[in-house]
Every structure is written in C-alpha cells, then in structure tokens.
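# Notes for the structure review
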Amino acid sequence: MGSIIGEIIIFEKKYSEKNLQLITGKKDISSHYQDIPEEMLLLSEVIEDPLKLPYLLEAFYTAPIKNEKAFHFALVRVQVDSDLRMHEDIQKYQQRKYVAETLEKLLYGELMLSVGENSGIEND
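A brief structural summary. Since this is a predicted model, take the numbers as computed values, not measurements. (Residues numbered from 1 in each chain as written. Predicted model: local features only at pLDDT ≥ 70, side-chain atom pairs only at ≥ 80, totals over all residues. Heavy atoms only, no water.)

### Here we look at the pairing of strand S3 (residues 13–16)
Relative to S3, strand S2 (residues 7–10) is paired through 4 bridges, and the arrangement is antiparallel. By the bridge assignment for S3, Ile-9 is matched with Lys-14. The antiparallel hairpin formed by S2 and S3 contains 2 residues in its connecting segment, where Phe-11 sits at a positive phi of about 50 degrees. (Pairing = 2+ DSSP bridges. Helix = DSSP H or I, 4+ residues; strand = E, 2+ residues; numbered from the N terminus.)

Here you go:
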C-alpha cells in the first residue's frame, strides 16, 4: 500500500484519495486506508469510472457488506456531493449520482433521499 499525490495505491490498484475521503466520510484517510472494506474500494472504482457499473452489478449484489449502514451512507454521500458539484461537470456528477442511486435501489430497495411518500428518512 502506498500513496501518490491525489492517489492511494491499495492492493496494486490506484484509487482517488478524494473519492475515498467522500466514501468513508473521513477527511484524513492516510492512517485508515488499509482498513477500507472491499465494497468501499469497489464503490470508489465505479464512481471513478461509472461505465464499469453494468459489469459490476452482480458483484455489488452478491458481495458481503461488512457494515451495511456505513455503505448506505457512503452511497448517500456520493449523491449529496454530486448534487453540490453538479455545476462543475454536469455529465460526470450526473453519472456518479446515477451509480449511487442505482446501487442504493439494488441493495436497499429505495432511496434514502427520495422525494415523496416512500422516503427512506423516517419522521419521529
């Protein structure tokens, strides 16, 4: 495992440091990147290159997710970040949001941030 400016190498694969920060919810991942679960690394890979999603759907669907809640919030963070950055590069961030929403629907059946009656956020 190593690091190049803006990239982190884990198991001989390069990952965007910014994507890993977003997915994990941690600004400083330098001491934590060796503990990032496989499903989070796979998510980082697919939001970096959304065109990989069709080929990885089954991998996501069948993968054992170590921390369901953390993974679900990683998907939500990608959606929120994409909405906030949409003006920077509309195509890139629409694709990233699509990836996160598709995976959330596939794995959890609905969108936590959906608008309407079936919102995943419950009122107390």
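Once the structure has been displayed, the description carries forward.
### Things to note about the packing of helix H4 (residues 68–85) against helix H5 (residues 90–108)
Close contact between H4 and H5 brings their axes to 8 Å; oriented N to C, the two are set at 155 degrees. Between H4 and H5, the angle falls in the class roughly antiparallel. The interaxial crossing formed by H4 with H5 has left-handed handedness. For the pair formed by H4 and H5, the contact residues are Glu-68, Phe-71, His-72, Leu-75, Val-76, Val-78, Gln-79, Asp-81, Ser-82, Asp-83 and Arg-85 on the first element and Tyr-93, Arg-96, Lys-97, Ala-100, Glu-101, Leu-103, Glu-104, Leu-107 and Tyr-108 on the second. A breakdown of the residues in the contact of H4 with H5 according to their chemical character gives 9 nonpolar, 3 polar and 8 charged. (Axes fitted to C-alpha atoms, helices over the stretch in contact; angles between N-to-C directions. Parallel < 35°, antiparallel > 145°, perpendicular 65-115°, else oblique. Left-handed = near helix turned anticlockwise from the far one by under 90°. Contact = heavy atoms within 4.5 Å. Nonpolar A, V, L, I, M, F, W, Y, C, P; charged D, E, K, R; others polar.)

### Here's the deal with the nonpolar core
Leu-20, Leu-43, Val-46, Phe-60 and Leu-103 are the most contacted members of the largest nonpolar core, which has 26 residues in total. At the level of secondary structure, the elements contributing two or more residues to this core comprise S2, helix H1 (17–24), helix H2 (38–48), helix H3 (53–62), H4 and H5. Looking at this core, the element that brings in the most residues is H2, giving 6 residues. When neighbours within four sequence positions are excluded, Leu-103 is seen to be in contact with Leu-43, Val-46, Leu-53, Leu-57, Phe-60, Leu-75 and Tyr-108. (Core = buried A, V, L, I, M, F, W, Y, C linked by side-chain atoms within 4.5 Å. Buried < 20%, exposed > 50% of the residue type's maximum accessible area, 1.4 Å probe, protein only.)

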